[in-house]
Structure formats: structure tokens, C-alpha cells
Protein chains: 2
Amino acid sequence: MLHRRIHMTTYNIALIGFGGVNRALAELIATKNPLWERDLGFRLNIVAVSDLYLGSVISPNGLDAKTLVEANFAKGGFGQLSGGSAEADNETIIKTAPADLIVEATFTNPKDGEPAVSHCRWALQSGKHVVTTNKGPVAIAAQELKAVAHANGVHFEYEGSVMSGTPVIRMAERTLAGAEVKGFEGILNGTSNFVLGRMEGGLDFATAVKEAQILGYAEADPTADVEGFDVRLKVVILANELLGASLKPEEVTCKGISKLSPSDIENAAAANSRWKLVGSAVRNEDGTVTGSVSPKQLPFEHPLAGVNGATNAVSLNTELLGSVTITGPGAGRIETAYALLSDIIAIHNAQATAKREAA
Amino acid sequence: MLHRRIHMTTYNIALIGFGGVNRALAELIATKNPLWERDLGFRLNIVAVSDLYLGSVISPNGLDAKTLVEANFAKGGFGQLSGGSAEADNETIIKTAPADLIVEATFTNPKDGEPAVSHCRWALQSGKHVVTTNKGPVAIAAQELKAVAHANGVHFEYEGSVMSGTPVIRMAERTLAGAEVKGFEGILNGTSNFVLGRMEGGLDFATAVKEAQILGYAEADPTADVEGFDVRLKVVILANELLGASLKPEEVTCKGISKLSPSDIENAAAANSRWKLVGSAVRNEDGTVTGSVSPKQLPFEHPLAGVNGATNAVSLNTELLGSVTITGPGAGRIETAYALLSDIIAIHNAQATAKREAA
């Protein structure tokens, strides 16, 4: 609706972690750069990659994304590349790679967020933007990392830390600006939602989890998904971001779905309702924010009751609009890589503004 | 997530039409200006109002919003006010009021969009921004009006023309930038959706419509709602905006719900599905866009099947994210007034950028 000027820009990026998500981003880069140049005004150039298994590589002129994706590197395989090493020296890569932007997609550590928090801090302190899909550093250190970003004149963006590419944070903060978000409730874990769906289909909890594991929806240790710990991190991120809270994970009450029995499921169905694992937070009268994770029996007509399988959804409760719900994928390689792209678009738009301002 | 500088600004606005929506905007202005100053960086000042029934008034220093809302004006009542007239001289008001921005909320004319198209054109040609919730001018003349806005260095914004305050246009264009929208399907008319729900509850079509009329959900002549003509205008707006089409209303096939019988409803339920009036459009292989409005039998697990009552929803089909659905109010006085506020926020953010650029 608004007219934007297009500035052509190349962002040199370094990928920290080369698992499913960053590999999917490289796949997109291999094919989408011409489209992004035309529609978004920038292209992406991978100048460094670091991965615990594969090693690390810096290439100031850029690595070929297609080769990176298609080469079937063995352990330490980046050591064979020019500028490569069999070791993943994340700190050196982050601090010295000639990158404008660091893409952090290593594993989530729910205790202290490390080493991802350090990855983000090193990058921001070096004057590099950070985009991440990693819940750990956002749930545990967003406030500090935002301050470091601000002090260094760069951006810290993390849309994919909550619902993969489904843009719940930007929808709440940008497109619903002025609507006055008072609270939210969401289905924020696809694994537990799939398990509940299979229990409605007649399986008991253990059998449903086993099926989810066979289908690749649940990990060997499903605890984080079914006991609500994954949802709790997402509740912390959303509460702190959308409601201005400063919650820590341990301040959010957390109950999972493992105690639900087949008769609980049947009783809910008999009452025209179904169990969902709901993560929620609300701003109280006194300005404090309370978050919780718990199975809830939702009537069929509840906006979250029809959210099936691995799909995620968040209903935002607003002063001016009432309830607005966004529903979409909560996982997926390409879907999560899109979250990184959406973060880079946000940075690009802010940068374009700053450039015009300086001109 | 991004740091924005706050510039304090007052926008002088003129309200064209003083029915439910613009009256609700005035209600918000009466109480929310201090909050908006703090959180959004601007306040709104009503310098003119024009209404077919009440007359018109220009007050360069601003009218008191609270008085406007609470005074129980009779026909031609604005004539009693300083700077007022018992006649609604829209053209003079739009062209001469000392307003930065015109808020167009008169009635929707589905044939040629008039007189709203002229209201918008006059305003834009006078160098005034336009925000509107009026489907008519957007469905019929968006391309022309956007060109006039561009030529005059002002903005034409119309989020509320499709789903009231639920931000489907900005979500698709802004927060889903780069996700590559390929098509959409939506429940875009609350009246017909309410009627279908009551038919599922056992009523026949005529009785359900009568109930909707008694509850104020349907107009005396329910044709536009139940025959799909209202949805068709919204499909045109979304197809042209999100898919780059240039559809005219008559190019969108249109079938309503009046021919659905109780046995159609029962048969759907027996097949674990329900009828919904679906407006949709898709970009074809050859780049053309096809739009349609038709009742569709959706399986219960379809993302739109659980959208009940007067709620609206649109599922966007995207290349990188698959299906993303936004669900929220599709009507309501305050909800639609919020759409106008969201348009003004978008203009303000663009203006703030332009100002910094010029500095």
C-alpha cells in the first residue's frame, strides 16, 4: 500500500550451525537471490559457515550456496575447502568473518542458552546483526542482547524462535500496533498437539508418543515437548516481547500432557471439547504479567480447538479488536528458514531507512 | 524488535460520514490521544465532519471529540455549531478543510463506488492522505486512486475494507513479505457465516436469515450478504492487492448460500464436513488470477471449518510457509475504527521516515 524505494544491497552472512534450518536457508539462497533482488531489494552471500560436525570455513568472496548444500561433506569436511578447517571455531568465525549478519541456528539449551547466547553477544559486539531461530538465547537473554545490539547500532531479530516462519511476533508488534495486546494463549508445540490428536483417535499416551517418534515428530527423549518445557520458553519469549514482562522460564508454571488418560480424553469429547496444551500469559491489573503452560479442555468453538496436528496458533487478546488468531506451521526446515529471511527483510527495511536518513 | 525514534505529531483529520465507524473513531480519539502520543508518537485532531443526515462543520482549531460523540444532534444539527452548516457539502469539506488526512466512511456502493470514489479522489488531489473502510472505492478504483495518491505524494490506505480491523492486507504484504503468496481462501462475510451456523443448528435458510435480522446481523435486504456480492468485492480487493491482479467484480464468479437446503447441511455433517461461503483467488500457471465466491463443503479439519459465527478468516497459501491463517472480527464499530487507526499508524511511520530523509 505504501510506496517504498528499492535499494540494491548484498548482505554478507555467516551461518553458525549447518543443520536443517541453515541448510534450508542455503537452499533458498541457491535459487531465490534473483527473485529477492527484484522483490525485496537485496541478495544474500554466504561468506562463512561453522558447524560442530563439519568444521568451519571463511570465504570473503562468498561460498557457492548450491555446492554447500549438495556436497556430501563428511565429519570435518569443511577442512578440505579453501579457507576451511576441520574444527568449528565459532568464536573466531563470528568475530572475524567479513559478515554483515550472523545467522545463529545451533541447538537450544534451555538452562542458560549457551553457547548460543555467547554467539549472539560476540556477533553484536563485533557490530554484526544477528538473526536467530534459537529459543534459548531469546528466552534467557533477550533483554541483554537487545541492549548490546542497541549499543552497537545493529539489530537482533528472532521471529522464528516461537512459531517457525509464522510471524506471530511481528503481527502483534507491527500490524497490530495500537490494538493494545493484553494477553495471549497459544498452541505452541506441534509434537504434543499431534500426540493429543492421536489420543483422540483412541491411542493411549505412550502409544501415541511412540507413533510420533516413528513418524519423526517426537525426539527419542520427548520430555521437553510433552512436559511443556518447550512451550514454556515460547511463553517467556512472547510475554516479554508483547506484554513488556521480564519473566524467567522458572517463573512460568508448567504442566504437560503425560498425565492425561484415555478417559480424560473421552470425557472431554462427551462435553463437546478437547484437550490442548495451552501456553498463555496475561497482564494483570497491577501491571505484572503471569504466564502458564497447562493442558486445557477447550470447547469445540474455541478458536484454538480446531488447530490440528503439528500446526501452531496464537490467539492475541486485544483491547480494540478482541481476539485475533494467527495459525500456521510451527516447524519445518524451509518454514523456519523463512523466519530468518523475514528477520533479514526487517533489518533491510530499517537499514534502508537509516541510509536515507544519513544521505 | 527494531528501535524507532518517536516524533510527536498531530494529524488534523476530517471525517466524511458520521455513522457507526467514524463515531467510534471519535470515541477512541476522546479517550486514547494520551496513550497514542506515548506509544505511537501522534495524536488526532478532528477539524471537520460531514454527514448526509447531520450536515457539516469545519473548525480549524479542532472539534471536541467527546462533545461530538455525546451531543445528540438532530437532522441538520451541525448547522448549530460555529463553522457549521445543515447541509453535507462533502466536496467543499474535503477540498477546503485544513486537514492532513480524510477519513472516508460513507456507504458502500457496489456498482461504481460513488460518491466515495470522488471523495477519495478530491482528497488525494488536494494533497490529503485518505484512509477508508469503504469497500466500494477500493474494489472498483484502487489502481486509479493509488496512482493519484502517488502523484500527489500522499497515501491511500484501506486495511478495513476487507476484514474490519483484522489486518489481513498488512499481514500478507508486510509480515509475510518474501513468503510468496500464491492464493487465498477466506470466510469474509459474518452474516452468511452466522446463517450457515444456525442452519447447522437445524433452522432452514429463511428462518435463519430472519433470526439474523432480528439480532441485527443481517440487513432488511440480506441479498448482498447471502448471495456473495459482499464477499466478491473483498475477493477483488485481496486478489488485486496480494496477487497483483486487476480483477473487476463482474469477473469473479459468484454463488451464494440461499440455495442450500437442510438436507445439504445434514449430508455435509454426516460426511464430517460443513458448508462455508468461501471467497478465494489463485494465481494460475500463466500468471492470470482467477477469483470465485461459492459455498464449499469443508472437512472439519480444514483451517476455515472451525470459524464460527460472525468471525472472519483468511488462509493465505504461500510458497515458503504453506498455509497461514488469520482469524478475527470481520465487523464491529470499534474494531473497524481500529482499522482506520492502523492505516494512520502506517502513514505516520512512512511520514516519519520521509521527514528524517528530508532533514
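Residues numbered from 1 in each chain as written. Chains lettered and ligands numbered in written order. Predicted model: local features only at pLDDT ≥ 70, side-chain atom pairs only at ≥ 80, totals over all residues. Heavy atoms only, no water.

(A) Structural context of the domain arrangement of chain A. Residue and element names in this part refer to chain A. The assigned domain composition of chain A is domain 1 (9-165 + 334-358) and domain 2 (168-329). Relative to domain 2, the C-alpha centre of domain 1 lies at a distance of 29 Å. Taken together, the contacts link 19 residues of domain 1 with 19 residues of domain 2. Of the roughly 1,600 Å² buried between domain 1 and domain 2, counting both surfaces, carbon and sulfur atoms make up 62%. If you sort the residues of domain 1 by the area they bury against domain 2, Glu-159, Val-162 and Met-163 come out on top, with a joint share of 44%. Between the two partners, domain 1 and domain 2, sit 5 salt bridges. Across the salt bridge formed by Arg-170 and Asp-343, the nearest N and O atoms sit 2.6 Å from each other. Taken together, domain 1 and domain 2 are joined by 9 residue pairs in polar contact (both at pLDDT 80 or more). Contributions of two or more residues to the side of domain 1 that touches domain 2 are made by α5 (135-151), α6 (160-163) and α13 (333-358). Of the residues forming the side of domain 1 that touches domain 2, the biggest block, 6 residues, is contributed by α5. When its residues are assigned to classes, the side of domain 1 that touches domain 2 shows 8 nonpolar, 5 polar and 6 charged. (Domains from an automatic or database assignment. Contact = heavy atoms within 4.5 Å. Buried area = accessible area lost by both parts, 1.4 Å probe. Salt bridge = Lys/Arg side-chain N within 4 Å of Asp/Glu carboxyl O. Polar contact = N/O pair within 3.5 Å; in protein donor to acceptor, adjacent residues only side chain to side chain. Helix = DSSP H or I, 4+ residues; strand = E, 2+ residues; numbered from the N terminus. Nonpolar A, V, L, I, M, F, W, Y, C, P; charged D, E, K, R; others polar.)

(B) Structural view of the UniProt feature "binding site: NADPH" (unreviewed entry) in chain A. Residue and element names in this part refer to chain A. Mapped onto the present numbering, the UniProt feature "binding site: NADPH" (unreviewed entry) falls on Lys-135. Along the chain, the position of Lys-135 falls in helix α5. The exposure class assigned to Lys-135 is buried, which follows from its relative accessible area of 16%. Apart from residues lying up to four places away in sequence, Lys-135 is in contact with Thr-108, Ser-161, Asp-230, Leu-233, Lys-234 and Ile-237. (UniProt positions renumbered as here; feature names shortened; annotations may be inferred. Buried < 20%, exposed > 50% of the residue type's maximum accessible area, 1.4 Å probe, protein only.)

(C) The relation of the copies chain A and chain B, seen in detail. At an RMSD of 0.0 Å, chain A and chain B line up after a rotation of 180 degrees and a shift of 0.0 Å along the axis. The superposition operator between the copies reduces to a two-fold rotation axis. A share of 100% of the interface residues of chain A reappears at the interface of chain B, consistent with the copies meeting face to face through the same patch. (Least-squares fit on C-alpha atoms with pLDDT ≥ 70 in both.)

(D) Main features of the confidence of the model for chain A. Looking at chain A as a whole, its pLDDT mean stands at 95, while 96% of the residues score no less than 70. Confidence drops under pLDDT 50 across residues 1-6 of chain A; counting only partners more than four residues distant or on other chains, this segment forms 21 contacts. (pLDDT = per-residue confidence, 0-100.)

(E) Main features of the interface of chain A and chain B. Taken together, the 54 residues of chain A in the interface contact 54 residues of chain B. Taken together, chain A and chain B are joined by 2 salt bridges. Viewed at the interface, chain B and chain A are joined by 10 residue pairs in polar contact (both at pLDDT 80 or more). Looking at the side of chain A that touches chain B, the elements with two or more residues in it are α1 (20-39), α5, β7 (156-157), α7 (168-175), β13 (322-329) and α13 of chain A. Counting residues per element, the side of chain A that touches chain B draws most heavily on α13(A), which supplies 11 residues. Grouping the constituent residues of the side of chain A that touches chain B by class yields 24 nonpolar, 13 polar and 17 charged. Of the pairings in the sheet, the one linking β13(A) to strand β13 (residues 322-329) of chain B comprises 3 bridges and is antiparallel in character. The residue of β13(B) that forms the bridge with Thr325(A) is Thr327(B). (Pairing = 2+ DSSP bridges.)

(F) Quick peek at the environment of Val236(A). Residues and elements named next belong to chain A. If you trace the backbone, Val-236 turns up in helix α11 (residues 229-242). Once the C-alpha coordinates of Val-236 and Glu-250 are considered, the two residues, 14 residues apart in sequence, prove to be 9.5 Å apart. Apart from the residues lying within four places of it in its own chain, the contact partners of Val-236 are Ala-139, Leu-247, Lys-248, Pro-249 and Val-252.

(G) Structural context of helix α1 (residues 20-39) of chain B. Residues and elements named next belong to chain B. At Lys-32, α1 shows its largest kink, close to 70 degrees, and the proline Pro-34 lies no more than four residues downstream. Residues Val-21, Asn-22, Ala-24, Leu-25, Ala-26, Leu-28, Ile-29, Lys-32, Asn-33 and Trp-36 constitute the buried set of α1. Positive phi appears at Gly-41, one or two residues downstream of α1, with a value of about 90 degrees. (Bend = angle between axes of the 7 residues up to and from the residue.)

(H) Spotlight on the sheet that holds strand β11 (residues 289-299) of chain B. Ordered by their spatial adjacency, 12 strands build an open sheet running β9(A)-β11(A)-β10(A)-β8(A)-β12(A)-β13(A)-β13(B)-β12(B)-β8(B)-β10(B)-β11(B)-β9(B), and the pairing between neighbours is mixed. The open sheet has two free edges, formed respectively by β9 (253-254) of chain A together with β9 (253-254) of chain B, since each of these has just one partner strand. Sheet analysis places strand β8 (residues 181-187) of chain A next to strand β12 (residues 311-318) of chain A, joined by 6 bridges and oriented antiparallel. By the bridge assignment for β12(A), Glu185(A) is matched with Ser315(A). Those strands touched by helix α12 (residues 262-270) of chain A are β10 (273-283) and β11 (289-299) of chain A, and its axis lies near 85 degrees from that of β10(A). (Axes fitted to C-alpha atoms, helices over the stretch in contact; angles between N-to-C directions.)

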